[in-house]
Amino acid sequence: MSGSRLAWFSHEICFWHDPGAGSGYVPVGPGVEPLRQFAVDPDLRRAEGLVKATGVMDHYTAHTPAPATDEELLLVHVPGHIDRIEAASAAGAGDAGVYAHVNYHSARAARLAAGACVQAATGVLDGRFDRAYCLVRPPGHHAEPDRAMALCLYNNLAVAARAAQRHGARRVLILDWDVHHGNGIQRTFYEDPDVLYISVHQDGLFPAASGLVMETGAGEGAGSTLNVPLPAGSGHGAYLAVMERLVEPAGPARGPGPGQVGGGVLAGGGWGAGRGHVR
């Protein structure tokens, strides 16, 4: 659909990133079988293919993202973090943090993923788009300001939220519904009163002892973090109830501002990284 107000961001290089073999978040080694990681190249291509085949893409305008700049990444990450990712990727393979495997293309893919989210956020703020969707890899919500973690290299949504603040947004809402807790997003904004972070995740899954109900923010950011840990096996009904009873009231109460959604697919019943059953 020409002139659509809905934007779609993706890039071929994001499909070339390889998170390596693993078994959950345990390094492959004695007694640990290498398994195919979740939501990698074949899955992304199939997702984008389905969007096109069903006609959904006809309602979007496709955009090619530019890589995030050092200036944008430094809104969240320390210089050493960027250097480690660039060096490990330039070497052709390695772990850029904690269970954060990279290949030769990963550094560029990570910059493109973060850049897509920045450009989506600022495009909405500028009024060029009503909404934007980013189909990108590597993911981001585990990446902390000083380390890559659990498949996540740069914290895409955190970088986008900081870019939105720099672009004039007074308040930002981040909703993260992956089966794992977004420890990196929480750490970035834990003392920021202007970013409301809501995480809906499986209780006690990953990271260990992260995303507890009593973790609600600190200092000026007290009350700006809302963790909703759900029991293993929670499905569509549980997630809808959380959205209706907690998320929808919380957003307007914080005042107007852009919203970002980390749509982690691992809460779905078809993935082995948790025990969610969202359809």
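Keep in mind that this is a model prediction, so the values were computed, not measured.

Let's talk about the packing of helix α5 (residues 106–125) against helix α6 (residues 156–166)
Inference 1: Viewed as axis vectors pointing N to C, α5 and α6 meet at an angle of 35 degrees, and their least axial separation amounts to 8 Å. The two elements α5 and α6 meet at a crossing, and its hand is right-handed. Residue-level inspection shows Ala 110, Ala 113, Ala 114, Cys 117, Val 118, Ala 121, Thr 122 and Leu 125 of α5 in contact with α6, the latter providing Asn 156, Val 159, Ala 160, Ala 163 and Ala 164.
Inference 2: Its residues placed into classes, the contact of α5 with α6 shows eleven nonpolar, two polar and no charged.

Some remarks on the sheet that holds strand β8 (residues 172–176)
Within a sheet, each strand pairs with its neighbour through backbone hydrogen bonds, oriented either parallel or antiparallel.
Inference 1: Reading across from one edge, β10-β9-β8-β11 is the order of the four strands in this open sheet, with parallel pairing throughout. Only two strands of the sheet have a single neighbouring strand rather than two, namely β10 (225–230) and β11 (259–262). Strand after strand, the sheet turns through a mean of 10 degrees between neighbouring axes, direction not considered.
Inference 2: Sheet topology note: the strand β9 (residues 195–202)/β10 ladder contains six bridges and is parallel. Each residue of the ladder has a partner; that of Tyr 197, found in β10, is Thr 225.

Focus: the nonpolar core
Inference 1: Formed by 29 residues in total, the largest nonpolar core has its most connected members in Leu 73, Ala 96, Leu 153, Val 172, Ile 174 and Phe 189.
Inference 2: Counting residues per element, the ones that place at least two in this core are α4 (79–90), α5, α6, β8, α7 (183–189) and β9.
Inference 3: If one sorts the elements of this core by residue count, α6 sits on top with six residues.
Inference 4: Apart from residues lying up to four places away in sequence, Ala 96 is in contact with Arg 84, Ile 85, Ala 88, Val 102, Ala 148 and Leu 153.

A closer look at the pairing of β8
Inference 1: A large share of β8 lies buried, amounting to four of its five residues.
Inference 2: Here β8 runs beside β9; their pairing, made up of five bridges, is parallel. Counterpart to Ile 174 in the pairing with β9 is Tyr 197.
Inference 3: The β-α-β motif built from β8, the intervening α7 and the parallel element β9 has right-handed crossover chirality.
Inference 4: As judged from the four bridges shared by β8 and β11, these two strands associate in the parallel manner. Looking at β11, one finds that Ile 174 is bridged to Gln 260.

Considering α5
An α-helical turn contains 3.6 residues, so a residue and the one three or four places further along point in the same direction.
Inference 1: For α5, which comprises 20 residues, the first-to-last C-alpha distance of 29 Å matches the rise-based estimate of 28 Å (1.5 Å per residue) to within 8%.
Inference 2: Of all 20 residues in α5, 17 are buried; the element is thus mostly enclosed.
Inference 3: With its phi angle positive at about 85 degrees, Gly 127 sits one or two positions after the end of α5.

Some details on the sheet that holds strand β6 (residues 131–134)
Inference 1: Taken together, three strands build an open sheet; the order of strands is β2-β1-β6 and the sheet is parallel. Two strands close off the open sheet at either side, each with one partner strand: β2 (61–63) and β6. Shown here is a sheet whose adjacent strand axes are inclined to one another by a mean of 25 degrees, direction ignored.
Inference 2: The sheet contact formed by strand β1 (residues 6–9) and β2 spans three bridges and is parallel. By the bridge assignment, Phe 9 is partnered in β2 with His 63.
Inference 3: Sheet strands in contact with α5 are β1 and β6, and its direction is about 175 degrees off that of β6.

Focus: the packing of aromatic side chains
Inference 1: In total, this model carries three aromatic pairs according to the counting rule given.
Inference 2: Taking the centre distance of 5.7 Å and the plane angle of 80 degrees together, the rings of Trp 8 and Tyr 60 count as edge-to-face. One end of the pair, Trp 8, is in strand β1; the other, Tyr 60, is in the loop between α2 (41–53) and β2, with 52 residues separating them in the sequence.
Inference 3: The class of Trp 8 is buried, set by a relative accessible area of 6%.
Inference 4: Classification of Tyr 60 as partly exposed rests on a relative accessible area of 21%.
Inference 5: Arranged with centres 5.9 Å apart and planes meeting at 75 degrees, the rings of Phe 9 and Phe 129 form a pair that is edge-to-face. On the criterion of sequence distance, the pair formed by Phe 9 in strand β1 and Phe 129 in the loop between α5 and β6 is long-range, its members being 120 residues apart.
Inference 6: Phe 129 sits in the buried class, given a relative accessible area of 6%.
Inference 7: Ring pairing ties together the aromatic residues Trp 8, Tyr 60 and Tyr 133, which thus form one cluster.

Calculation criteria
- Residues numbered from 1 in each chain as written.
- Predicted model: local features only at pLDDT ≥ 70, side-chain atom pairs only at ≥ 80, totals over all residues.
- Heavy atoms only, no water.
- Axes fitted to C-alpha atoms, helices over the stretch in contact; angles between N-to-C directions.
- Helix = DSSP H or I, 4+ residues; strand = E, 2+ residues; numbered from the N terminus.
- Left-handed = near helix turned anticlockwise from the far one by under 90°.
- Contact = heavy atoms within 4.5 Å.
- Nonpolar A, V, L, I, M, F, W, Y, C, P; charged D, E, K, R; others polar.
- Pairing = 2+ DSSP bridges.
- Core = buried A, V, L, I, M, F, W, Y, C linked by side-chain atoms within 4.5 Å.
- Buried < 20%, exposed > 50% of the residue type's maximum accessible area, 1.4 Å probe, protein only.
- Right-handed = clockwise from strand over helix to strand, strands pointing away.
- Expected span 1.5 Å × (residues − 1).
- Phe/Tyr/Trp six-rings, centres within 6.5 Å; stacked < 30°, edge-to-face > 60°.

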